[in-house]
Amino acid sequence: MIYDIKYKDVIGNDLTIQQLKNCEEYLKVFYIQEKEHKEEIYYRGDLMGINHYNQENEEHQDIIKSYQLNKEQWINIVEYELFLDYKLERKYHYRIEGNLTGIDLALIAPNNDIIGHGYKEADGRYDYSQTKKYYWDRAINTKRELFDCTYREDTGTLLELYWNNFHIDEDGQESFVLLNTKEDIQELRTLTGMTEALATYYMHADIVPAF
């Protein structure tokens, strides 16, 4: 199989072959017809792990077996699912012997902003301490989200929706909090123009949307 190969630093900037010797950590990215097939992650010259993009709906254990003769320590299998115009990314973390250790989830808006991210244990339970959701409007604030949501670590119910108003006051003096009530959901919709389904999404910790 013929790949197009690029090298990148850990934040995604392209690197030349000459620049690699000055990088402690870098990615070697393999493309097939401009789609990412896999990324090899190197640290101090050693291959540490693989991000494999599962474009063909392959069985996870079959993918893992195809790498087990190499020297990497772990493999992440990345899959995508569409919900209307939003893209859900699931990143399954495996040890190279095949044991699942956890799943990262992220919901990505059509403009590629991440509006929610979280983590599930290997048994499927959310670790709510790692769940966070965001709302962006670049026409109002080009650099920061307008609000973020945090959730109770024990139950996953909404702790607060913090509307920061940093575009008005960088010290946050104009900020306020919304909660999961009928009145606050309506206020959120009035402030943003978002649909009821999206407003409801922010009120709950599940990263996988219901719309």
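Just above, that's the structure.
Bear in mind that the values here come from a model prediction, so they are computed numbers and not experimental data.

**Student:** How should helix α3 (residues 182–192) be read in this particular structure?
**Tutor:** Owing to its 3.6 residues per turn, the α-helix aligns residues three or four sequence positions apart on the same side. Burial in α3 covers these residues: Asp184, Ile185, Leu188 and Thr192. One side of α3 carries all its buried residues, which in axial view fall inside an arc of 105°. Among the exposed residues of α3, those oriented more than 90 degrees off its buried face are Lys182, Glu183 and Thr190.

**Student:** Got a minute to help me understand the pairing of strand β1 (residues 4–8) in this structure?
**Tutor:** Successive side chains on a regular strand alternate, one facing one side of the sheet and the next facing the other. As paired elements, β1 and strand β3 (residues 25–32) share five bridges and run antiparallel to each other. The residue of β3 that forms the bridge with Ile5 is Phe30. Sheet topology note: the β1/strand β2 (residues 14–15) ladder contains two bridges and is antiparallel. Bridging from a neighbouring strand, Tyr7 pairs with Leu15 of β2. As consecutive antiparallel partners, β1 and β2 are separated by five residues, and within that stretch Gly12 has a phi angle of approximately 95°, a positive value.

**Student:** Which parts of the structure should I look at to understand the nonpolar core?
**Tutor:** Most often, soluble globular proteins keep nonpolar side chains buried together rather than apart. Judged by nonpolar contacts, the single largest core of 43 residues is most densely connected at Ile75, Ile115, Phe147, Leu188, Met194 and Tyr202. When sequence neighbours within four positions are dropped, the list of residues in contact with Leu188 reads Phe147, Leu161, Trp163, Leu178, Gly193, Met194, Ala199 and Met203.

**Student:** Help me understand the pattern of salt bridges in this model?
**Tutor:** Any two side chains of opposite charge can pair, given that their charged atoms come close. As enumerated under the stated definition, the model contains eight salt bridges in all. Between Lys38 and Glu40 there is a salt bridge whose closest N-O contact spans 3.6 Å. Using a relative accessible area of 12% as the deciding quantity, one classes Lys38 as buried. Its salt-bridge partner being Arg125, residue Asp123 comes within 2.7 Å of it at the nearest N-O pair. Across the pair, Arg125 and Asp123 agree in class, each one exposed.

Cut-offs used in this document
Sequence order as written defines residue numbering, which begins from 1 separately in each chain. The predicted origin of the model limits local features to residues at a pLDDT of at least 70 and limits the giving and counting of side-chain atom pairs to 80 or more, whereas totals for whole chains, interfaces and linings rest on all residues. Based on all heavy atoms of the structure, the side-chain values leave hydrogens and waters out of the count. Between buried and exposed lies partly exposed: a residue is buried under 20% and exposed over 50% of the maximum accessible area for its type, with that area taken using a 1.4 Å probe on protein chains only. Here a helix means four or more residues in a row that DSSP labels H or I, a strand means two or more in a row labelled E, and each is numbered from the N terminus. Here the arc refers to the directions that run from the helix axis out to each C-beta atom. For two strands to be treated as a pair, DSSP must find at least two bridges joining them. Remark: nonpolar core denotes a set of buried residues (Ala, Val, Leu, Ile, Met, Phe, Trp, Tyr, Cys) joined through side-chain atoms within 4.5 Å. A contact between two residues is defined here by any heavy atoms of the two lying within 4.5 Å. One side-chain nitrogen of Lys or Arg within 4 Å of one carboxyl oxygen of Asp or Glu is enough to make a salt bridge.

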